Amino acid sequence: MVESKAEKAEVGREDADEGKEEMEPVDVPMKVFTVEILRLIKDMQLQHGLRHGDFQRYRGYCSRRVKRLRKTLNLPQGDRRHYKKRNVTLANLEKPDSDERFLHIPLMLAERTWSYAMQLRQESNTEPRKRFHLIEKLRKSCVYALQLQDLCSSERCDARTKLEAEAYSAWIHGSLHFELALWKSAAENLKKAQVIYENLAQAMPEEEQTIYRAKVEELKPSLRYCAYNVGENASVNDLLEMRGQAGLLGNLSHLVAQTKAESMEAFQMTEWRGRSVTVRPEKVRLFLLSIQELNKSIEKAKDFPAKIEMLENVLLDCKDAIAAIKDEIKQDPKLRQTTTDGGSAGLIGIQYLLAYMSYTRLKLTLERNLLLVAQAKLTLDDPNVAEKTQLAGGGKKTKPQDLSRLYEIILQNVTEMQQLSGLENEASYQAEMETLSLSFRAFRCYYIAITLVAMKRWREAVAMYERSKKYANEATNSKTPCKDFDLRTELKQLIATIEGCKFSAHAYSVLEDDTADDTVLFGKSQKSSKPLYERLAHYKEDASLNSRNPNVFKLIPEMEPIPAKPLFFDLALNFVDFPSLEDKIEQKAAGKGATAGMSGFVKGLFGWGGGGANK
């Protein structure tokens, strides 16, 4: 069956409609831009010449920055042969893939013309004709500032950006009118900029306020000069109030309230030791949120190993958060400079946050170590628990010296708390840390005393008990206990325990006899290898005396060393004169001749001689 053209067209329209329904774009949330205009231009000015008053260098940087922005954002002004002016419009901001750097272009153009005007002002001291060029450049800067203000007044920018753009435009216009000697309008614009920056400083967190307050102070000399030229009858504040009634600053309070709400949402605030601090890094905010219910989670854990493992995982997250804060400090050179006031009041926000996070890390470490102590006390105080632990493969019984070592580590943590940067001179904090240190010293001395008791060093043990009691009393009577670690109940129990242990050790020390090797303590005897005749003055129950081989007297005397036979060396032989033996030597020679004659006689008798044969 052949379909008609109308049917085909209808089917095509239906397919197209279905395709449109399928291809309908999903509503994407609108991007809201935040541009910190004052901070942005101050950072650029200090980094590119204005630290030394080099406006020409800063102007060159602004030109290059605009060129890079246009190339990156694909907003060229014509090609190589033809020039076609293209300004940033609201259409550029309303695109789905829009970028806040579109707002940087008019800002950089305004900064470039302003810096050119300031350069001409320096040169106009010797060349007065350049003052006309200066005025033209300031007028052009006002045009770009108004363009930036119009773009920021759209819904794509938040309240802070709107206020900053309005204040920047007012400051540029005030600078122009100041050069034109229009004192009333210059005072109005400069006062408007000052009021906006004051309100922004109040709405921002503490570490964000410095730059706005510095700008407010920067505008005061110009305002005083304007008031002087206007005259005594006219007041700058009155002029501003009159203009405010006309609607110039009518929406200021609304925008400031909106900015404050946005800043509270963007930066979480946390409080420590009576001071609020802003938390900007994302890792730190997440960490602080994660530890809010940490105590409840630890209480729900079934045993000490589970609690310790939980705290160790949290400590790893805390170290990452501290690393994030240190990275932010490294990126901003201004934050590296510490104040010379000392104490927490001298720390800026990010440094105070670093001190708070370092304290949190040490506090969590201390809690982990206290859990280790509590776990060790179980196997120390209750032998049945120790046996169960060994059967379960949990380890051997804890010794008192192990606990003293744990308390030594805890004291090192307290020392690190005392040495936190910025808190060395805070009296209340140092007093709390000193109380905490005394508490842990008392526990450490107590377990050292138990170790000495096991070694039967009674006098040293009594001294350690006394010292432990002294530290415990000082910590209990302290007027500034540590809020995070309240150990007064444990210290009172420790003092009661020390009383009995001290008298027991003292009794043992009285019964101790340092001069005798064999001492009877409560009916228990010590073994000795001495025979009975050597220890007749001491009573000792020795069961070996009733055996077959009693140790009464040693029949075989022990070997004793005796002096050896002396050795004599004949050293006088070298100095003795012996008698002459020459006569003895001659007799020996005569004996030899007789022997030779006899042999010759025998040889001649039997014809052996050579002479007879020859004859």
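- Named according to an unreviewed UniProt entry, the protein is Signal recognition particle subunit SRP68 originating from Anopheles stephensi.
- UniProt, in the comment section headed Sequence similarities (unreviewed entry), describes the protein in these words: "Belongs to the SRP68 family."
- For the protein, the Function (unreviewed entry) comment in UniProt is given as "Component of the signal recognition particle (SRP) complex, a ribonucleoprotein complex that mediates the cotranslational targeting of secretory and membrane proteins to the endoplasmic reticulum (ER). The SRP complex interacts with the signal sequence in nascent secretory and membrane proteins and directs them to the membrane of the ER."

Remarks on the overall build of the protein
Item 1. Each helix and strand in the protein was counted, giving 23 helices and two strands.
Item 2. For the protein, buried positions account for 37% of its 615 residues.
Item 3. Of all intrachain contacts in the protein linking residues separated by at least 6 positions in sequence, the fraction that spans at least 24 positions is 66%.
Item 4. Surface summary for the protein: the accessible area is close to 39,300 Å², and the carbon and sulfur share equals 53%.

Here's the deal with the pattern of salt bridges
Item 1. In this structure the tally under the stated criterion is 19 salt bridges.
Item 2. Residue Asp484 pairs with Lys363 through a salt bridge whose shortest N-O separation is 3.9 Å. Here the residue Asp484 occupies a position in the loop between helix 20 (458-476) and helix 21 (488-511), and Lys363 occupies one in helix 16 (residues 349-381), the gap between them amounting to 121 residues.
Item 3. With a relative accessible area of 37%, Asp484 lands in the partly exposed category.
Item 4. Salt bridges sharing partners connect three or more residues here, namely Glu36, Arg39, Arg160 and Glu164.

Quick word on the confidence of the model for the protein
Keep in mind that low pLDDT regions are not for reading the predicted coordinates in detail.
Item 1. Overall, the prediction assigns the protein a mean pLDDT of 77, with 75% of residues at 70 or greater.
Item 2. Contacts for the low-pLDDT stretch residues 18-27, under 50 throughout, to residues beyond four places or in other chains number zero contacts.
Item 3. The low-confidence segment residues 338-346, where pLDDT is below 50, has 13 contacts with residues more than four positions distant or belonging to other chains.

Here we look at the packing of aromatic side chains
Item 1. For the structure on display, the rule yields 15 aromatic pairs.
Item 2. Considering the side-chain rings of Phe55 and Trp114, the 5.9 Å spacing of their centres and the 75° angle between planes classify their relative orientation as edge-to-face. Of this pair, Phe55 sits in helix 3 (residues 55-72) while Trp114 sits in helix 5 (residues 104-123), and the two are 59 residues apart along the sequence. Trp114 shares its class with Phe55; the two are buried.
Item 3. Between Tyr359 and Tyr429, the ring centres sit 6.1 Å apart and the planes meet at 65°, which makes this aromatic pair edge-to-face. In this pair, Tyr359 sits in helix 16 while Tyr429 sits in helix 19 (residues 427-454), placing the two residues 70 residues apart along the sequence.
Item 4. Relative accessible area serves as the criterion here: at 6%, Tyr359 is assigned to the buried category.
Item 5. Three or more aromatic residues joined by ring pairs form one cluster here, namely Tyr407, Phe440, Phe443, Tyr446, Tyr447 and Tyr465.
Item 6. Its guanidinium or amino end placed over the ring of Phe304, Lys307 lies 5.4 Å from that ring's centre, counting from NZ or CZ.
Item 7. Stacked on the ring of Tyr471, the Lys or Arg Arg441 has its end atom at 6.0 Å from the ring centre.

Calculation criteria
- Residues numbered from 1 in each chain as written.
- Predicted model: local features only at pLDDT ≥ 70, side-chain atom pairs only at ≥ 80, totals over all residues.
- Heavy atoms only, no water.
- UniProt positions renumbered as here; feature names shortened; annotations may be inferred.
- Helix = DSSP H or I, 4+ residues; strand = E, 2+ residues; numbered from the N terminus.
- Buried < 20%, exposed > 50% of the residue type's maximum accessible area, 1.4 Å probe, protein only.
- Contact = heavy atoms within 4.5 Å.
- Areas by Shrake-Rupley, 256 points an atom, 1.4 Å probe, with all protein chains shown as cover.
- Salt bridge = Lys/Arg side-chain N within 4 Å of Asp/Glu carboxyl O.
- pLDDT = per-residue confidence, 0-100.
- Phe/Tyr/Trp six-rings, centres within 6.5 Å; stacked < 30°, edge-to-face > 60°.
- Lys NZ or Arg CZ within 6 Å of the ring centre and 35° of its normal.

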